Structures are given as structure tokens and as C-alpha cells.
Amino acid sequence: MPSRRSSTNDWLPSVLKGISFLALIACACAGLLVATERSTTERILVNKQHYELKQISDLIGHVPAAPPQWHDDTWLLCDGTTLVRAQRQGYGGIIHAVAAHRQHRLVGIRVSGHQETPGIADFVVLPEHPWRAGLRGRSANELTGIDAVSGATITSRALIALAKEALGTPAVAKACSS
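The text that follows walks through the structure, step by step, so that each part is easy to find. Owing to the predicted nature of the structure, the values given are computational and were not obtained by experimental measurement. (Residues numbered from 1 in each chain as written. Predicted model: local features only at pLDDT ≥ 70, side-chain atom pairs only at ≥ 80, totals over all residues. Heavy atoms only, no water.)

A look at the nonpolar core
Then, in step 1: One finds Ile109, Phe123, Trp131 and Leu159 to be the most contacted residues of the largest nonpolar core, which totals 24 residues.
Then, in step 2: Sorting the residues of this core by element identifies strand E2 (82-89), strand E3 (94-102), strand E4 (105-113) and helix H4 (153-167) as the ones contributing at least two each.
Then, in step 3: Ranked by residue count, the leading element in this core is H4, at seven residues.
Then, in step 4: Apart from residues no more than four positions distant in its own chain, Trp131 is found in contact with Phe123, Ile146, Asp147, Ala148, Val149, Ser156, Leu159 and Ile160.
Then, in step 5: Core analysis: the next-biggest nonpolar cluster, separate from the first, contains 10 residues, Leu59, Trp70, Trp75 and Val98 among them. (Core = buried A, V, L, I, M, F, W, Y, C linked by side-chain atoms within 4.5 Å. Buried < 20%, exposed > 50% of the residue type's maximum accessible area, 1.4 Å probe, protein only. Helix = DSSP H or I, 4+ residues; strand = E, 2+ residues; numbered from the N terminus. Contact = heavy atoms within 4.5 Å.)

Now the structure itself:
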């Protein structure tokens, strides 16, 4: 029996059929991703706004009387509290936070997003953590001498920098009705 060599004509149609099928699947998946993104964008935005308001309420101890009135990431409340949205590079990525200060003293910081190492940097999201609690009530100058959390020096320094930035931000608009 003579040996038969496969020619391009034998396998090319099946390869092209497979590639066409994979391209069709890729297009269908891309369409599903676009549809999902479009159908969830508004819900995600609303959830982020609710989460931010919850963080602010936890930070200042009450729900603000007026709706959020951010001006260049700063919001002055009727009671004289200044809220500042800020971000700093941590060890694992950007740390997003809202900080509050009143009369040049830090009320607190709430981290709204981070990518720090779980277990080591858990204090980032625990406002009752002793290190975090030690930041409250301090001025920008008093934050300078605070030691970092052992094993999380970069993360600690990022939070201190966030607090100093907030304390150095002047209030630009007041959310009060006269």
C-alpha cells in the first residue's frame, strides 16, 4: 500500500472551521461582557456612593444633614468638620481613603479601597485597631513621630501621609443652609 501524505487541502478546511468557531465564541463572549458592563454601571456607581456615605457616617458618627457636596475632593460639614478624599501608594497598590478633621485635629480615616497584603495590613480597614486609634485627635505635626506598624511600614506611612494631606487641606465650601 502506498503511503499517503496529507496535503494542505486535507486539513486546511477543518482548521479554518475551528478558527471560525473560536472567533464566533470570542465575539459572543465580548458581546456578553459589553452587555453586562452596560447593565451594571449605574448600579455599581450607586453602590459606591452608598458605601462612601456609610464610610463618612461611620467616620463622623452620624449621617451628614446635607447631601454630599464635594469640591475638589473636599467637603466642609456644618459642624466644622472637613472631609477629604485622598489616595496614596501603599505596598500593594493605591490606598483610597476619606479622612476627617476638625479644628486642625484628625477625627479619623476610613479606607474605601486597597490592595494591601491580607493578614499583615488588616489594620488598614480596622478603625478600632490600636495603631489607627492612636492617630485620632492628632495634628499634622504630631503625626510626624508615629512609628509604623511592624511588617507594614510602607502601608503605615501611606496612611500617615493621607492623614497629613487631609489636615493640610483647607475647607473650600460649606454644606449648610444659613
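Now, onward.
Topic: the sheet that holds E2
Then, in step 1: In spatial order, the strands read E1-E2-E3-E4; together these four strands make up an open sheet with antiparallel pairing. Single-partner strands in this sheet number two, and they are strand E1 (74-76) and E4. The mean inter-strand angle of the sheet, taken between neighbouring strand axes irrespective of direction, is 25°.
Then, in step 2: Of the strand pairs in this sheet, E2 and E3 are connected by eight bridges, and their pairing is antiparallel. Residue Thr82 lies in a different strand from E3, and its bridge partner there is His101. (Pairing = 2+ DSSP bridges. Axes fitted to C-alpha atoms, helices over the stretch in contact; angles between N-to-C directions.)

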